Amino acid sequence: MTTSSSERGVSLGMPELPAPAYPDDVRARLETDAREIIARYPDSRSALLPLLHLVQAEEGHVTRTGMQFCADVLELTTAEVTAVATFYTMYRRKPSGDYQVGVCTNTLCAVMGGDAIFTELQEHLGVGNGETTDDGKVTLEHIECNAACDFAPVVMVNWEFFDNQTPATAKRLVDDLRAGRPVEPTRGAPLCTFKETARILAGFPDERPGAVEASGGAGPASLVGLRLARGETAPARVVHPREGREGASQDRDGAPQDRGAHEPSPSEHLSSHDAPQDTSASDPAHPAGPAAEEGE
């Protein structure tokens, strides 16, 4: 005796209808941009990643219509396009905000306060991971690594860095984004919307005046090892313990030997354990400042 699918409680459902097409004027414009992108590659299918950014720039996320467009212009199946679009987290699969706020919760950032920042932002914004505020301004997500451990804890907005954050500065940051107040990254190009960022990632120039010149590179803390390798800074020095501390150096008679307090030279790199450093401001009116030690 056989059992039907309905008797087993299995709903096969109806096949999904084909994705709706872009309006003719939108498709014509996207095809022009797509031809420019595809021409950069010897194999057209290599253009899939920037094309996904292109369609994401159109609607703010990668829709079924966008994936169908990519499949059409590259002569791929929608399954092939979907496999790529769902693999990379940079491609959004549902409507999202003008500003993607990513909080690094990987080991170092988490220890330095990233977990606290993410928790407080969820409560402050009233959203969970990957969710968007009701006004459509901010989408909050945790990120495994922002590749900026020496500026931990780090928050990124549309892939621009906001370094050395605290729960208080992060909340001011999202409040300013939602209110439309000017917000400047710690380093890198001026902030733009997620759609504008997606078009830049598709390979089109950032045409905002001064944006390219402001892009810059890695921060000073990231370049210390490179400068050391080039011999541009003084070699590492052994810092002797100060008088009276356990393990302090002694003279031949066993008496503590006072070598004096070590005063780092300007060429030496200071970590946060050497002395609190002034952090770059995420907003000129709201400098971040160093995070307080536990109990302060």
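Residues numbered from 1 in each chain as written. Predicted model: local features only at pLDDT ≥ 70, side-chain atom pairs only at ≥ 80, totals over all residues. Heavy atoms only, no water.

Before going further, it helps to examine the packing of aromatic side chains. Scanning all chains against the criterion turns up three aromatic pairs. Seen from their ring centres, Y22 and F69 are 6.0 Å apart, and the 70° between their planes marks the pair as edge-to-face. Here the residue Y22 occupies a position in the segment before α1 (24-38), and F69 occupies one in helix α3 (residues 64-74), the gap between them amounting to 47 residues. Taking 4.9 Å as the distance between ring centres and 85° as the angle between the ring planes, the aromatic pair formed by F87 and Y88 counts as edge-to-face. On the basis of relative accessible area, F87 is assigned to the exposed category, the value being 60%. Residue Y88 is classed as partly exposed on the basis of its relative accessible area of 33%. Ring pairs connect the aromatic residues F87, Y88 and Y91, which therefore count as one cluster. Above the ring of F204, the side-chain terminus of R40 is found at 5.4 Å from the ring centroid. In this structure, R199 packs its charged tip against the face of F204, placed 4.1 Å from the ring centre. (Phe/Tyr/Trp six-rings, centres within 6.5 Å; stacked < 30°, edge-to-face > 60°. Helix = DSSP H or I, 4+ residues; strand = E, 2+ residues; numbered from the N terminus. Buried < 20%, exposed > 50% of the residue type's maximum accessible area, 1.4 Å probe, protein only. Lys NZ or Arg CZ within 6 Å of the ring centre and 35° of its normal.)

Examined against the element boundaries, T63 turns out to sit in the loop between α2 (48-59) and α3. In this structure the side chain of T63 is engaged in a polar contact, spanning 2.8 Å, whose partner is the side chain of E59. (Polar contact = N/O pair within 3.5 Å; in protein donor to acceptor, adjacent residues only side chain to side chain.)

Let us look at the pairing of strand β1 (residues 99-104). The buried count for β1 comes to six of six residues, which makes it a mostly enclosed element. A two-sided burial pattern is seen for β1, the buried positions comprising Y99, V101 and V103 on one face and Q100, G102 and C104 on the other. Here β1 runs beside strand β3 (residues 138-143); their pairing, made up of six bridges, is parallel. Counted as the bridge partner of V103 is H142 from β3. Pairing between β1 and strand β4 (residues 155-157): three bridges, direction antiparallel. Paired with V101 across the strands is V157, a residue of β4. (Pairing = 2+ DSSP bridges.)

This paragraph deals with the environment of M112. As for its position among the elements, M112 is in helix α5 (residues 107-125). Overall, the relative accessible area of 39% leaves M112 in the partly exposed class. Taking the C-alpha atoms as reference, M112 lies 5.7 Å from P153; in sequence the two are 41 residues apart. What M112 contacts, discounting residues up to four positions off in sequence, is A152 and P153. (Contact = heavy atoms within 4.5 Å.)

Take the packing of α3 against helix α4 (residues 78-85) next. Following both chains from N to C, one finds α3 and α4 inclined at 120°, their axes separated by 9 Å at the closest point. Taken together, the axis directions place α3 and α4 in an arrangement best described as oblique. In the crossing of α3 with α4, the sense of the turn from one axis to the other is right-handed. Along its contact with α3, which presents M67, Q68, C70 and A71, the element α4 presents T78, V81, T82 and A85. Among the residues making up the contact of α3 with α4, the classes are represented as five nonpolar, three polar and no charged. (Axes fitted to C-alpha atoms, helices over the stretch in contact; angles between N-to-C directions. Parallel < 35°, antiparallel > 145°, perpendicular 65-115°, else oblique. Left-handed = near helix turned anticlockwise from the far one by under 90°. Nonpolar A, V, L, I, M, F, W, Y, C, P; charged D, E, K, R; others polar.)

Turning to the nonpolar core, a few remarks are in order. Ranked by size, the top nonpolar core spans 24 residues in total, and within it L51, L52 and V81 carry the most contacts. If you look at the next biggest cluster of nonpolar residues, it comprises 19 residues, including V103, L125, L140 and L173. (Core = buried A, V, L, I, M, F, W, Y, C linked by side-chain atoms within 4.5 Å.)

Such coordinate-based values are descriptive only and should not be taken to indicate function.
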